[in-house]
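Fold and contact review
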Amino acid sequence: MKIIEKEKASATLASYTEEVANGPVVVTDQGKPVAVLVPIENADLETVSLSTNRHFIELIERSRARVRVEGGIPSAEMRRRLDSGRP
C-alpha cells in the first residue's frame, strides 16, 4: 500500500494507477484518508458505479431489512410467477 499526501501528489493519475498493481494507493489530506485507488477485478462499470452509490446501497439495505421482517418469496415461487405471464 502506498500513502501519499494530497499536497505532495504531483505524479499523473496514470502513474498512480500503475502503482495499484503493488497495492492500494491512499491519498490523504493532513494525514486523513480522503481517496483510494484500488484494482478492480471481475467487475464492469455498472457494478462499480452501483456498489459506490449511497442511494443504491440504502435501497438494498431497506429491502434486506424488509425481507428479514416480512419474509421473502422463494426462488421457485418467483420463477412460477414470472413464467405464468409468458404466452
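Now for a quick tour of the structure.

Conventions adopted
Residues numbered from 1 in each chain as written. Predicted model: local features only at pLDDT ≥ 70, side-chain atom pairs only at ≥ 80, totals over all residues. Heavy atoms only, no water. Salt bridge = Lys/Arg side-chain N within 4 Å of Asp/Glu carboxyl O. Helix = DSSP H or I, 4+ residues; strand = E, 2+ residues; numbered from the N terminus. Buried < 20%, exposed > 50% of the residue type's maximum accessible area, 1.4 Å probe, protein only. Pairing = 2+ DSSP bridges.

Throughout the structure, instances matching the rule amount to seven salt bridges. For Glu 58, the salt bridge goes to Arg 54, with nearest N and O atoms at 3.5 Å. With Glu 58 and Arg 54 both in helix 3 (residues 54-70) and four residues apart, this pair spans about one turn of that helix. Residue classification places Arg 54 among the exposed residues on the basis of a relative accessible area of 53%. Taking the shortest distance from any N to any O, the salt bridge between Glu 77 and Arg 81 comes out at 2.9 Å. Taken together, the residues Glu 77 and Arg 81, both in helix 4 (residues 75-84) and four residues apart, mark about one turn of the helix. Of the residues examined, Glu 77 reaches a relative accessible area of 24% and is grouped as partly exposed.

Side-chain direction in a regular strand flips from residue to residue, so the side chains alternate between the two faces of the sheet. Counting buried residues along strand 3 (residues 32-37), only zero of its six residues qualify, which leaves the element largely exposed. Judged from the five bridges that link them, strand 2 (residues 25-29) and strand 3 form a sheet pairing that is antiparallel. Residue Val 26 lies in a different strand from strand 3, and its bridge partner there is Val 36. Connecting the antiparallel pair strand 2 and strand 3 is a turn made up of two residues, with Gln 30 showing a positive phi of about 55°.

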